[in-house]
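Coordinate analysis (summary)
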Amino acid sequence: MSDLAPHTGSTVPVPAGGDHRYKAVQTKLRRLGRALDSLADDLEVLRRDMRTNAARARSTATDIENADLDPKFVVLTDQVADALGAAANSVKDLGDSAREVATETYQAKRLHAKLYRTLDDIRSNRSEKTPKPAFFTR
């Protein structure tokens, strides 16, 4: 299961697990990016399947019409094909959004590394203990 916290709708940030060390944040960003990439790939497969099913429904509607069956079944089957096509378009939009967020996640990971890698190297490689963040804030 994912380490991601659900959006609650409030403007207060959702806690991200309490571990805010440099390497933990890098790991979380990498996992998020990979999960979004995987989601985008899965959505593309779903979109293609929906398009295929829409084409099959359209073909079935034509077959029903050619068989001189009740016209209401032709209309209903056409509506199913239209609904599948519209849903496939929405899935494509969702996949595009997932790819965009994945790209932004990787950019955030690179920026985080640029800003904090050196500080983490300094803090991690010295033998003296250092105060925790906000130690001096009172």
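Just above, that's the structure.
Below is a short write-up of the structure.

What counts and what doesn't
Residues numbered from 1 in each chain as written. Predicted model: local features only at pLDDT ≥ 70, side-chain atom pairs only at ≥ 80, totals over all residues. Heavy atoms only, no water. Helix = DSSP H or I, 4+ residues; strand = E, 2+ residues; numbered from the N terminus. Buried < 20%, exposed > 50% of the residue type's maximum accessible area, 1.4 Å probe, protein only. Contact = heavy atoms within 4.5 Å. Areas by Shrake-Rupley, 256 points an atom, 1.4 Å probe, with all protein chains shown as cover. Patch = residues over 30% accessible without salt bridge, like charges linked within 9 Å, V, L, I, M, F, W, Y side chains within 5 Å. Salt bridge = Lys/Arg side-chain N within 4 Å of Asp/Glu carboxyl O. Expected span 1.5 Å × (residues − 1). Bend = angle between axes of the 7 residues up to and from the residue. Axes fitted to C-alpha atoms, helices over the stretch in contact; angles between N-to-C directions. Parallel < 35°, antiparallel > 145°, perpendicular 65-115°, else oblique. Nonpolar A, V, L, I, M, F, W, Y, C, P; charged D, E, K, R; others polar.

Observations regarding the overall build of the protein
A tally of regular secondary structure across the protein gives two helices and zero strands. Each of the 138 residues in the protein was classed as buried or not, and the buried ones make up 20%. Long-range pairs, those at least 24 residues apart, make up 71% of the contacts in the protein with a sequence separation of at least 6. For the protein, the accessible surface area stands at approximately 10,600 Å², while carbon and sulfur atoms represent 57% of it.

Considering a nonpolar patch on the surface
A contiguous nonpolar surface patch, about 400 Å² in accessible area, is contributed by Leu111, Leu115, Tyr116 and Leu119. Note that tyrosine 116 resides in helix H2 (residues 71-124). Tyrosine 116 gets classed as partly exposed once you look at its relative accessible area, which sits at 40%.

Considering helix H1 (residues 22-66)
For H1, built from 45 residues, the straight-helix expectation of 66 Å at 1.5 Å per residue is met to within 8% by its first-to-last C-alpha distance of 66 Å. Taken from the residues just after H1, aspartate 68 is the one with a positive phi, measuring 55°.

Focus: the environment of lysine 28
Following the sequence through the fold, lysine 28 ends up in helix H1. Under the relative-accessibility criterion, lysine 28 is labelled partly exposed at 29%. Distance in space between the C-alpha atoms of lysine 28 and threonine 105 is 9.9 Å, their sequence separation being 77 residues.

So, the environment of alanine 98
Here alanine 98 shows up in helix H2. In this structure, the C-alpha to C-alpha distance between alanine 98 and glycine 33, residues 65 residues apart in sequence, is 9.3 Å. With sequence-adjacent residues up to four places away left out, alanine 98 is seen in contact with Leu36, Leu39 and Ala40.

Some thoughts on the pattern of salt bridges
All told, the structure shown has six salt bridges when counted by the stated rule. One salt bridge connects aspartate 120 with lysine 23, and the closest N-O pair in it is separated by 3.3 Å. Residue aspartate 120 is found in helix H2, and its partner lysine 23 is found in helix H1; the two are separated by 97 residues along the sequence. Given a relative accessible area of 14%, aspartate 120 falls into the buried group. A relative accessible area of 51% places lysine 23 in the exposed class.

Side note on H2
Here H2 is 54 residues long and its end C-alpha atoms lie 74 Å apart, about the 80 Å a rise of 1.5 Å per residue gives. A maximum bend of about 50° is found in H2 at tyrosine 116.

A closer look at the packing of H1 against H2
Contact pair H1 / H2: the axes reach a minimum separation of 7 Å and the direction vectors enclose 170°. Considering their axes alone, H1 and H2 lie roughly antiparallel with respect to each other. Its residues placed into classes, the contact of H1 with H2 shows 30 nonpolar, 11 polar and 16 charged.

Overview of the side chain of threonine 77
Counting through the fold element by element, threonine 77 comes out in helix H2. Every residue in contact with threonine 77, bar those within four places of it in the chain, is listed here: Ala57, Thr60, Ala61 and Ile64.

Function cannot be read off these values alone, since they describe shape.
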